[in-house]
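# An overview of the molecular structure
Each chain is listed here by its residues.
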Amino acid sequence: MESQNEQFKKLYLQLMEAHLSNNFKYVQDLVNKLSSLNYHENMEFITKRTCTDLILHLLNVISECGLDAIDILPFLNLMNEVSTKQGIVVCQYSVNVIVQNLKSIWFQILSLKSSENAAIGLITAVAAVTYGNGSYVSPELLDWVIGTTGNSTSIGALILSDSTSIHAKKACLQCLSGLCLASESRVLIPDERKHRCLQLFIHALQTTPSLVDVPHYRVFFAAYKGLQLVLQTSTALINQEIGPLLAVLKKHLVFSLNESNLEFPTELHPVPIPTVHPVTKMNERGSGSIVSDRKKKKSKRGPLLQQSTGKPRKQPEEVPAPSTEVPDEVVASSANQFVLSSESEFSDTEGGFRRKMGSLVKKIRQFAMNSLQIVVSKTKKHILFGYWNSFFPSTDSENNISLLSCITDDSSTKMQVAALITLCGILDGSKSFLSLAALEIPSASFVSYSSMLGSSIHKIHGTLLYSLSKEKTHVIQVHLLKAIGMLAENTPYSKLTTGLVESVVSKVRIVLSTSQSNDCKIASFNVFSSLLSNTPALAEMVCSLTSTTFQDLSLNVKPNSISRQLADVTLPQTTLTSSWLVDECISICLSTEGEFRLSLHIAAIQTLSSAAKFYFPVVKSYVNQLTDLICILLKSANLYLRAAKLLENLAESMLRKSQNDPGQVNENLVFWNKLLSGPLQSLLQQESDWQLHTIICVILSTIGPEVFNQLNSSLQRFCQTMLLGLTNDEDYSVRFTAIRSLAVYIMYPCLRKDTGFVEDMAGCVLRLMEDEFRIVQNNAAWSFGNLTDAMVLNAESSPDFLDSLSASFLLGLLEAGIKAVSGKDKLRFNMMRVLGNLLRVMQTKHVTILRFRKGILKAKSIIISSMLSDSSMKVKWNACLACGNYLHNNLLPIGESSWTDDVYDALCKTVSTSKNFKVRNKASLAICSVRNREGFGNKFTDVCVSIINCLRHADSDELGLAEYNFKEKLQEQLIYTLLYLIPLTTKEDILTIAKILVAEDNEQLHFQLNHWYNVLLTRMNPSPTKAVSHTETEDKIQDGLQEYVTSCKMNDTDKLNLFKSVIKPWQSVLKHLDATKNEIDLDKLTQLFTVQ
């Protein structure tokens, strides 16, 4: 018996050789025989070329005979059968010829008013030919297939017509879906054509069939397939049609779930919200991701135009949909999303019909959910959040159908899991948006958006926690916990009702303690990690994890502003001796890895890491246990990296604690002696893992100066030697982390005075400044800045320190800084800092050396040029600070025209004209660095005039939105700069300044002085009976008050005294003026600096 392949080959050759003029019935008979073959079987003879030639020949037959002479339906069906069921994509160079012939036949069908079956047959033929070939179809033919507004003869127009049959609409939608598929070269049809297709798909889905209208469901399936193809490949189109798109998806998410037929709008409208910027997610959890990272198995996609499964098309790879991976025991293969079940799957009994209908409506909901997942993944968050209330209403009502309804009302496990994954997709990155939520007292007349958002967040919590308490299915429990974890990560609990955190902790704790599933335990730990990582830290969280109650807390704030933040309460140490969560984590970590899965150990360690980082009071009593645990885990081949991260977080918290509590230093010393003497040394010697070395570098930087100073010399040398050695590591991450840690060490008092360490670090810095990786160069530049900061501190505390450094060493640093200025922004702003510091420590002897003198003047010129012309504001304000450091060094010839005139000109121009208020602030601050009147040379009056004019016009400057944050800071700094300059005025200066003050209106200047004086009084709230002493302030002025201003170390008392002290020198200088001769109103000037 001949095989199907041989029969097709024989009949095909006979058909191609037959002549119509001899015997037309013979040709018709061959077509019928070819149509009767089973094309589900693979036929090797059928290739692209064979299929294309067959279609062209059949069209030629139809053209010669005419529609009135033959039944064209078998011809059209044969085209479809051969192409679709054999998975053949027609040759691209013949597509336009074939479609043009089909278009001619289409108009003949319309003119002859042929049967509907013929029209449907032609549409399916067009679909078969254009499948995956949409990008090769000419624009004119695309207009015919897809249609344009007002074109009633196109195939796409049939979708819009109410008179079109369901079967014809289905064929049209399948045809458009094939057009939207990418070609073999991954080229798509133009966006304007896809946009039209998207509108047609949405229109087809907006209809409302009866619950037993099975053919109409098939139309939905066809529309959803095309819709998903468009959504996957065009984000811009989603944004253009997002309103109607979300409306139809919301309608189908609950299709047939609610028996009361609710009216759904055809378009959703966004609620205007403030612009929110996505927050970079810093997720340290490795095993608790919402979607698994493992690759999905490729599933064969059934033919687009057939309901029964057959040989998949040999089509180009499609753009993948967003991963919505669900365990295999719950979810069928992804092919089920596209291949519809045949009707033979159901019996003809009434029960079978009900199962069939139930399966169909579930598929509609599943299609809608899959499409929503694509929309969520492709749409920018600030656009998506405008529709938040449409999917998460803030009130309970029968009409408030939401995404939460799919979680609570849908009986399909697959749909519940998909809904939870979609919820996670919406919540991911929502921290900025959800931060708008707030707990407010409801008003009968107005409910704010923040209040509505807060209510919807409460409702989401309530729904998920209720479902978690009732759910028994393992898979749904896991995904509920993942959704709760994502919600906990992004919710601003500090702004919401007390008790919300406690409810999450109590429900998840039950699952953690009762579930036998490792997956549930892992997901539970990830929820706790999210809660612990949510900032600011809350006292409620501490109460939930320990035996502490709210009655045990002592408030550090006023009774009328009770805060739930941990920073605003004092915790009783007696109730913080134990935590059930820490106990549980330690218990799991100490168990053998065979008893629990490795991922459970990792989840427990990560939870401990989060607790150690954000809730140190909870783990403080466990420091010794955690130290022992870390020592054990560092020896584990699978867990040492996680243990190192736990150690890093614990060490950072202990360092922060010791900075505020000197009693913590002794505990820290015991902690570090134990770690440095044992596991850390052996681990670094045995392991060459770059990740471990990176973390160890960070860990060593958290020792702290007090503890480091008390370590024995061998441990100190170990730390220094290890970091210096790791700057030569092969991995760039280790190199830049090591140099950053050295930059921390150089600020330790005991190390910054060590000349050998300073020179060793300088050598590492200069070497890494030439590294091939930009990130290493940037971190070396930052470390270079710290190195020079340490040199400044040494020079001011121990003037003899610089004598221990060779001149060639300092010159090498200066020349390296000048050379690096030509780099990127991150290098340049750090080099401004470096050059400024180096100019601050230069001595008189250096000026006499020609090479030094040239280097100093070159560095000064670079700083001025950067301040005036650099495009980066960060470079500019660092250049201003560098100018301040330069002017502060009275060992340089500050005040000589060639050394400082250009500096003052640049500072005056910057403080007057810069568009960035922070830059102007720093320029004003730099002026206060000059130690005496002589340092200004002949530029003193120019500087004073610039400051006065800036104060006069401070309120009239046009501001960008970003500048409002710095406006008041600038005004305050200008006031104190002026107050600093006034006592330095001489009788030669005062005449020029006085004339300027009298010539213009000084109301704004006087207002600013009084305003900031009163601001100080308000901030300080001084006792009315306590007088302010002037003697101490005058002494400070004579000793160099500018140091307080320049370093921003002036407290409010210093500032208030400065206000009081200025009037006396101002009045004494005015006495030297001849008011009559110069026509100056002395009384007016005298009262200018009198504040009240």
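Since we're looking at a predicted model, the values are computed, not measured.

## Brief notes about the overall build of the chain
- Check the secondary structure of the chain and you find 54 helices and 2 strands.
- Within the chain, buried positions represent 55% of all 1092 residues.
- Taking all contacts inside the chain whose residues are at least 6 apart in sequence as the whole, residues at least 24 apart take part in 76%.

## Focus on the packing of aromatic side chains
- Tallied over the entire structure, the rule returns 22 aromatic pairs.
- On the numbers, 5.3 Å between centres and 80° between planes, the contact of Phe671 with Trp672 is edge-to-face. Taken as a pair, Phe671 and Trp672 share a single burial class, namely buried.
- Among the aromatic side chains, those forming a connected cluster through ring pairs are Phe385, Trp388, Phe392, Phe433 and Tyr449.
- Directly above the aromatic system of Trp580 lies the positively charged group of Arg509, at a separation of 4.2 Å from the ring centroid.
- A cation over an aromatic ring shows up here: Lys874 above the ring of Phe829, its NZ or CZ 4.3 Å from the ring centre.

## Some remarks on the packing of helix α35 (residues 732-745) against helix α37 (residues 755-768)
- For the pair α35 and α37, interaxial distance at closest approach is 11 Å and the crossing angle is 145°. The interaxial crossing formed by α35 with α37 has left-handed handedness. For the pair α35 and α37, the contacting residues are Arg735, Ile739, Leu742, Ala743 and Tyr745 in the first and Phe757, Met761, Cys764, Val765 and Leu768 in the second.
- Within the contact of α35 with α37, the residues separate by chemical class into 9 nonpolar, no polar and 1 charged.

## Observations concerning the nonpolar core
- With 332 residues, the main nonpolar core has Leu102, Trp388 and Ile703 as its most contacted residues.
- Looking at this core, the element that brings in the most residues is helix α11 (residues 214-233), giving 12 residues.
- Excluding anything up to four places from it in sequence, Leu102 contacts Leu59, Leu76, Met79, Leu122, Ala125, Val126, Val129 and Trp144.

## Let's talk about the pattern of salt bridges
- Applying the stated criterion to the full structure yields 21 salt bridges.
- Residue Lys103 is joined to Glu140 by a salt bridge in which the shortest nitrogen-to-oxygen separation is 3.7 Å. Placement of Lys103 in helix α5 (residues 95-112) and of Glu140 in helix α7 (residues 139-146) is noted, with a sequence separation of 37 residues between them.
- Residue classification places Lys103 among the buried residues on the basis of a relative accessible area of 14%.
- We classify Glu140 as exposed; its relative accessible area is 54%.

## A few points about the confidence of the model for the chain
- Overall, the prediction assigns the chain a mean pLDDT of 81, with 78% of residues at 70 or greater.
- Predicted confidence is poor over residues 277-348, with pLDDT under 50, and the contacts of this stretch with residues over four places away or in other chains come to 150 contacts.
- Here residues 557-563 is modelled with pLDDT under 50, and outside its nearest four sequence neighbours on either side it reaches 7 contacts, counting other chains as well.

## Structural notes on the packing of helix α30 (residues 664-677) against helix α34 (residues 713-726)
- Packing of α30 against α34 leaves a shortest axis separation of 11 Å and a crossing angle of 65°. With respect to α34, the axis of α30 lies roughly perpendicular. When the axes of α30 and α34 are compared, the crossing they make is left-handed. Contact residues: Asn673, Leu676 and Ser677 in α30; Leu715, Phe718 and Cys719 in α34.
- Among the residues forming the contact of α30 with α34, the class breakdown is 4 nonpolar, 2 polar and no charged.

## A short note on the environment of Leu37
- As for its placement among the helices and strands, Leu37 is situated in the loop between α2 (24-35) and α3 (48-65).
- Ignoring sequence-local partners within four residues, the contact set of Leu37 consists of Gln4, Gln7, Phe8, Leu11 and Met43.

## Overview of the state of the cysteines
- Summed over all chains, the structure comprises 0 disulfides.
- Cys175 carries a free sulfur, and the closest cysteine sulfur to it, the one in Cys172, is 7.2 Å from it.

## Remarks on helix α9 (residues 166-179)
- Helix length check: α9, at 14 residues, gives a terminal C-alpha distance of 20 Å against a target of 20 Å (1.5 Å per residue), a fit within 8%.
- Counting buried positions over the 14 residues of α9 gives 12, a clear majority of the element.
- Buried-residue contacts for α9 involve α6 (116-130), α7, α8 (157-160), α10 (191-205) and α11.

## Some thoughts on the side chain of Ser524
- One can find Ser524 in helix α23 (residues 518-533).
- With a relative accessible area of 0%, Ser524 lands in the buried category.
- When sequence neighbours within four positions are dropped, the list of residues in contact with Ser524 reads Leu481, Val508, Val511 and Leu512.

## Let's talk about α37
- For α37, built from 14 residues, the straight-helix expectation of 20 Å at 1.5 Å per residue is met to within 8% by its first-to-last C-alpha distance of 20 Å.
- By the burial criterion, the buried members of α37 are Phe757, Val758, Met761, Ala762, Cys764, Val765 and Leu768. Down the axis of α37, the buried set is contained in an arc of 165°. They therefore lie on one face.
- On its buried face, α37 is in contact with α34, α35, α36 (749-752), α38 (774-797) and α39 (807-820).

## Let's talk about the environment of Phe8
- Tracing the backbone through its elements, the reader meets Phe8 in helix α1 (residues 4-17).
- It is 8.2 Å that separates the C-alpha atoms of Phe8 and Met43, two residues lying 35 residues apart in sequence.
- In this structure Phe8 touches Leu34, Leu37, Tyr39, Met43, Phe45, Ile46, Thr50, Leu54 and Val82, once residues within four positions along its chain are discounted.

## Quick look at unusual backbone geometry
- A cis amide bond, omega 0°, links Thr535 with the succeeding residue Pro536.
- Structurally, the position occupied by Pro536 is in the loop between α23 and α24 (539-545).
- For Arg186, which is not glycine, the phi torsion reads 60° and is therefore positive.
- For Arg186, the position within the fold is in the loop between α9 and α10.

## Brief notes about a nonpolar patch on the surface
- There is a patch of nonpolar side chains on the surface, built from Tyr732, Phe773 and Ile775 and spanning about 230 Å² of accessible area.
- Its location among the elements puts Phe773 in the loop between α37 and α38.

## Some words on the environment of Gln606
- Checked against the element boundaries, Gln606 lands in helix α26 (residues 598-614).
- In the structure, Gln606 is positioned 80 residues away from Asn526 in sequence and 8.1 Å away in space, judged by C-alpha atoms.

Cut-offs used in this document
Residues numbered from 1 in each chain as written. Predicted model: local features only at pLDDT ≥ 70, side-chain atom pairs only at ≥ 80, totals over all residues. Heavy atoms only, no water. Helix = DSSP H or I, 4+ residues; strand = E, 2+ residues; numbered from the N terminus. Buried < 20%, exposed > 50% of the residue type's maximum accessible area, 1.4 Å probe, protein only. Contact = heavy atoms within 4.5 Å. Phe/Tyr/Trp six-rings, centres within 6.5 Å; stacked < 30°, edge-to-face > 60°. Lys NZ or Arg CZ within 6 Å of the ring centre and 35° of its normal. Axes fitted to C-alpha atoms, helices over the stretch in contact; angles between N-to-C directions. Left-handed = near helix turned anticlockwise from the far one by under 90°. Nonpolar A, V, L, I, M, F, W, Y, C, P; charged D, E, K, R; others polar. Core = buried A, V, L, I, M, F, W, Y, C linked by side-chain atoms within 4.5 Å. Salt bridge = Lys/Arg side-chain N within 4 Å of Asp/Glu carboxyl O. pLDDT = per-residue confidence, 0-100. Parallel < 35°, antiparallel > 145°, perpendicular 65-115°, else oblique. Disulfide = S-S within 2.5 Å. Expected span 1.5 Å × (residues − 1). Arc of directions from axis to C-beta. Patch = residues over 30% accessible without salt bridge, like charges linked within 9 Å, V, L, I, M, F, W, Y side chains within 5 Å. Areas by Shrake-Rupley, 256 points an atom, 1.4 Å probe, with all protein chains shown as cover.

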